[in-house]
Amino acid sequence: DLSALEAKEEVELEQIHLMNFLSECILGQHHWIEKSGLQVEFPELEKDIFVQANEHLLKRMMNNLFANAKKYAVTFLHIRLELEEKQVMLIMENDLEHPEMMEIDRVFEPFYREKSRHSEGSGLGLYVVKCLAGQMDCPVSAVCEGNVFRITLGIKV
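To start, this report covers the structure provided alongside it. (Residues numbered from 1 in each chain as written. Predicted model: local features only at pLDDT ≥ 70, side-chain atom pairs only at ≥ 80, totals over all residues. Heavy atoms only, no water.)

Some thoughts on the packing of helix 3 (residues 55–72) against helix 4 (residues 125–135)
Keep this limit in mind: Each axis is a line fitted through C-alpha atoms, taken for helices only over the stretch in contact, and angles between the N-to-C directions span 0 to 180 degrees. In DSSP terms, a helix is any run of H or I states spanning at least four residues, a strand is any run of E spanning at least two, and both are numbered starting from the N terminus. Any angle between 65 and 115 degrees counts as roughly perpendicular, while under 35 counts as roughly parallel, over 145 as roughly antiparallel, and the rest as oblique. Each crossing gets its hand from how the near helix is turned against the far one by less than a right angle, where anticlockwise is left-handed and clockwise is right-handed. Whether two residues touch is decided by their heavy atoms; if any such pair falls within 4.5 Å, the residues are in contact. Residue polarity follows a fixed list, in which Ala, Val, Leu, Ile, Met, Phe, Trp, Tyr, Cys and Pro are nonpolar, Asp, Glu, Lys and Arg are charged, and the others, Gly among them, are polar.
Closest axis-to-axis distance for the helix 3/helix 4 pair is 9 Å, and the angle between their directions is 155°. In this view, helix 3 runs roughly antiparallel relative to helix 4, as classed from their interaxial angle. Seen from above, helix 3 lies across helix 4 with left-handed handedness. Residue-level contacts link Leu 57, Arg 60, Met 61, Asn 64, Leu 65 and Asn 68 of helix 3 to Gly 125, Leu 126, Val 128, Val 129, Leu 132, Ala 133 and Gln 135 of helix 4. Looking at the contact of helix 3 with helix 4 residue by residue, the classes come out as 8 nonpolar, 4 polar and 1 charged.

Put into structure tokens, the structure is as follows:
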């Protein structure tokens, strides 16, 4: 499966109603989010925003981003959208208990996990996000400011 991701095969993009898509993704995460006690903020989902993406790959990316937040978020999870001329920036951020344990320049490397290794996982989640984003020509980046970890994904409109 990992080899297929790294092969960077050409994928078919389609027009996706972003708000409907995000609503489905969020509903799919509802169980753990409700149990987590996190303070959660989502974008207003009434707007008609259409993006060019592969729905299957985008869903897989979102599942991996939510899985990452589930492991590391301490008190909050915020998702917001910023509309630019040729893309929508999907921004997901959460706080971290031990930001000093994270090597931000390595989070997209395969098998990387923060130094504390207190959580389960293979260390492939964000690497998969990066590979899938590359297949759809979507820029993806991560920063850590203080104790806030932020992933930004650009999706073409």
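Here we look at the pattern of salt bridges
Any two side chains of opposite charge can pair if their charged atoms end up close together. What counts here: What makes a salt bridge here is a side-chain nitrogen of Lys or Arg within 4 Å of a carboxyl oxygen of Asp or Glu, nothing more. Partly exposed describes any residue whose relative accessible area lies between the buried limit of under 20% and the exposed limit of over 50%, with all areas from a 1.4 Å probe on protein chains only and scaled to the type maximum.
Counted according to the given criterion, the structure contains 8 salt bridges. The closest approach of N and O atoms between Lys 156 and Asp 137, which form a salt bridge, is 3.2 Å. A residue pair is termed long-range when its members are at least 10 positions apart, and Lys 156 in strand 7 (residues 148–156) and Asp 137 in the loop between helix 4 and strand 6 (140–145) qualify at 19 residues. Look at Lys 156 and you get partly exposed, because its relative accessible area is 32%. Members of the salt-bridge network, linked through shared partners, are Arg 80, Glu 82, Glu 93, Glu 145 and Arg 150.

With respect to the nonpolar core
Burial of nonpolar side chains together is a common tendency in soluble globular proteins. Counted only if it meets this: What we call a nonpolar core is a set of buried Ala, Val, Leu, Ile, Met, Phe, Trp, Tyr and Cys residues that are connected through their side-chain atoms within 4.5 Å.
Membership of the largest hydrophobic core comes to 46 residues, with the highest contact counts inside it found for Met 62 and Phe 66. Those elements giving two or more residues to this core turn out to be helix 2 (18–36), strand 3 (50–53), helix 3, strand 4 (76–83), strand 5 (87–95), helix 4 and strand 7. With sequence-adjacent residues up to four places away left out, Met 62 is seen in contact with Phe 21, Leu 22, Cys 25, Leu 90 and Met 92.

Note that every value here comes from positions in space, so none of it alone points to a role or purpose.
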